[in-house]
Amino acid sequence: MELAELRDRAARVLDELERAIVGKRDALELILLALLSDGHVLLEDYPGLAKTMIARSFAQATSLEFSRIQFTPDLMPSDVTGSSIFDQRTSDFTFLPGPIFANLLLADEINRAPPKTQASLLEAMQERQVTTEGATRELPKPFLVLATQNPIEYEGTYPLPEAQLDRFLMRIGVGYPSREHEIEMLARRLDRGEDELQLSSVVDTATLVEMQRALEQVHVSDAIEGYIVDLVAATRASRRLAVGASPRGSLALLKLSRAKAAVSGRDFVVPEDVKAIAIPALAHRLTLRPELWVQRVRGEDVVAEALESVPTPPAEDVLEAAG
C-alpha cells in the first residue's frame, strides 16, 4: 500500500468514527496512530466520556473482531485466556478460547481485577500469544488491547504495575466535550431516534494489516533518531523521577511518529510529529519520586519539561536526510 492511500483510508476511518464520537478527532487520531503502530492503548478518564463507545466504534469501522471483558475483583485468569473442558463424548479435554482471542479486546476498568488476573494479559500484549496448561496458542492478527480505567475511584482497585503500564503504547484521556459539541451530540440523538448507532466498515482486517506494514516506508533521519533518544534520556536524568522511560519508550516514539507522519501525508518524520505524541507515549512510563506526589507533579509535566529543554533538530538536517 502506498502512503497516499494510507492517509486517505485513515481520514475515512476518522470521519466514520466522528459519526459516533463528537468533537474528539484529536483523541480518535491518537488511538488510530496506536492502531496503525500495532500498539495497545490505555484510556484513563472519568465515567461517561464514551471510552467503551470509542472501542466499539473502532471495531465497527475497521471490521475487527471485538471482545469485551468487564474486569472485576473476582475475575480469574482463565476467564480471560480460556480453559480446557472435559468432553464426555470424546473422553478428552477440549480447549475453549477465552475472550482474549479477538482482534480488538476492550479491557474495561482493568484496574478492578487483582494482579494475578491483570498478569494474564502480559504475555498476550507483548508476544501476541497465550500459554495455558503447557500449550501456546497464537492470537489473531492484529491483536490490540484498549483498556480503560477511572482516575478518581480507587476503592476496590489494584493499580497497574509499571511493567504492565510500559506495555501500553500510549495513555490518553478523552476529556469533556465543549458546549457546542455536547449540544451537537444531543441533536444527533434526537435526529437518530434511537440510542444505538451502527457504523459502517471503512477498512477490513487485511487492509488494516497492510496499513500497518506501509508505515515501514516512512523515513526517519539520523537527526530524528537522536532527538527521540535525547528526549527519553532527559526523562531518565530528571530529578523528579525515580525511574525514567525505558528503551520501549524510545521505540514507542519511533513507531507513533512514523504513523503521525503518514497520516499527515508525509513519507518522512519531522520533529513536530515526535512532539505531538511524546506526552501520551511517555508520561505513563515514568515513576515519580514519592515525595513529589503531594505536590501533584505528573508524568506529563516531566515530559513537557523534556520537550522544552531538548534542542529541536535543525530543519535542514531533517529535510536533507529525507529528500
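Criteria and thresholds
Residues numbered from 1 in each chain as written. Predicted model: local features only at pLDDT ≥ 70, side-chain atom pairs only at ≥ 80, totals over all residues. Heavy atoms only, no water. Helix = DSSP H or I, 4+ residues; strand = E, 2+ residues; numbered from the N terminus. Rg over C-alpha atoms; globule rule 2.2 N^0.38 Å. Buried < 20%, exposed > 50% of the residue type's maximum accessible area, 1.4 Å probe, protein only. Contact = heavy atoms within 4.5 Å. Lys, Arg positive; Asp, Glu negative; His and termini not counted. Charge placed at Lys NZ, Arg CZ, Asp CG, Glu CD. Salt bridge = Lys/Arg side-chain N within 4 Å of Asp/Glu carboxyl O. 1 Å grid on protein atoms, 1.4 Å probe; cavity = no way out; pocket = protein on both sides within 12 Å on 5 of 7 lines; lining within 4 Å. Points joined across faces, edges and corners; volume = space filled by probe spheres on them. Axes fitted to C-alpha atoms, helices over the stretch in contact; angles between N-to-C directions. Parallel < 35°, antiparallel > 145°, perpendicular 65-115°, else oblique. Left-handed = near helix turned anticlockwise from the far one by under 90°. Nonpolar A, V, L, I, M, F, W, Y, C, P; charged D, E, K, R; others polar. Pairing = 2+ DSSP bridges.

Looking only at helices and strands, the protein features 14 helices and eleven strands. The C-alpha atoms of the protein give a radius of gyration of 21 Å, which matches the 20 Å a tight globule of 323 residues would have. In terms of overall dimensions, the protein has a C-alpha envelope of 70 × 50 × 40 Å along the principal axes. Scored against the burial criterion, the 323 residues of the protein give a buried share of 49%. Long-range pairs, those at least 24 residues apart, make up 78% of the contacts in the protein between residues at least 6 apart in sequence. Taken as two groups, the 35 positive and 50 negative side-chain charges of the protein have centres that lie 2 Å from each other.

This next bit is on the pattern of salt bridges. Taken as a whole and judged by the stated rule, the model has 18 salt bridges. In this structure, the salt-bridge partner of D8 is R7, at a minimum N-O distance of 3.5 Å. A residue is classified by how much of its surface remains accessible, and D8, at 41% relative accessible area, is partly exposed. In this structure R7 comes out as partly exposed when scored by relative accessible area, which is 34%. Here E29 ties to K260 by a salt bridge, and the two come within 2.6 Å at their closest N and O atoms. Placement of E29 in helix α2 (residues 25–36) and of K260 in helix α11 (residues 247–263) is noted, with a sequence separation of 231 residues between them.

A word on empty space enclosed by the protein. By the definition in use, this model includes one cavity of 30 Å³ or more. By volume, the largest cavity amounts to about 80 Å³. Taken together, I31, A34, L35, G39, H40, V41, F58, L104, L144, V145 and L146 make up the full set of residues lining the largest cavity.

All right, on to the packing of helix α1 (residues 3–17) against helix α3 (residues 51–62) then. Helix packing for two helices is described by the angle between their axes and how far apart those axes are. Interaxial distance between α1 and α3 falls to 10 Å at its minimum, and their mutual angle equals 130°. Between α1 and α3, the angle falls in the class oblique. The two elements α1 and α3 cross, and the hand of that crossing is right-handed. Between α1 and α3, the residues in contact are V13, E16 and L17 and S57, F58, A61 and T62, respectively. Taken together, the residues of the contact of α1 with α3 sort by class into four nonpolar, two polar and one charged.

What follows covers the layout of surface pockets. As a volume, the second largest pocket reaches approximately 790 Å³. As for the second largest pocket, its lining consists of 35 residues, of which A20, I21, L49, A50 and M53 are closest to the centre. Looking at side-chain class alone, the lining of the second largest pocket contains twelve nonpolar, ten polar and 13 charged residues.

A few words on the sheet that holds strand β1 (residues 40–44). Neighbouring strands of a sheet are bound in pairs by backbone hydrogen bonds; such pairs are parallel or else antiparallel. Taken in spatial order, the five strands make up an open sheet running β2-β5-β8-β1-β9, and their pairing is parallel. Where the open sheet ends on each side, the last strands, each with one partner, are β2 (66–70) and β9 (168–172). The sheet shows a mean angle of 15° between the axes of neighbouring strands, taken without regard to direction. Across four bridges, strand β5 (residues 104–108) lies against strand β8 (residues 144–149) in parallel orientation. Paired with L106 across the strands is L146, a residue of β8. Running over the sheet, α2 touches β1, β8 and β9 and is turned about 175° from β9. Contacting β1, β2, β5 and β8, α3 crosses the sheet at an angle of about 170° to β5.

With that settled, the discussion passes to the pairing of β5. Within β5, five of the five residues are buried, which leaves the element mostly enclosed by the surrounding structure. As defined by bridge partners, β2 adjoins β5 across five bridges and the pair is classed as parallel. Among the inter-strand pairings, I69 is bridged to a residue of β5, identified as A107.

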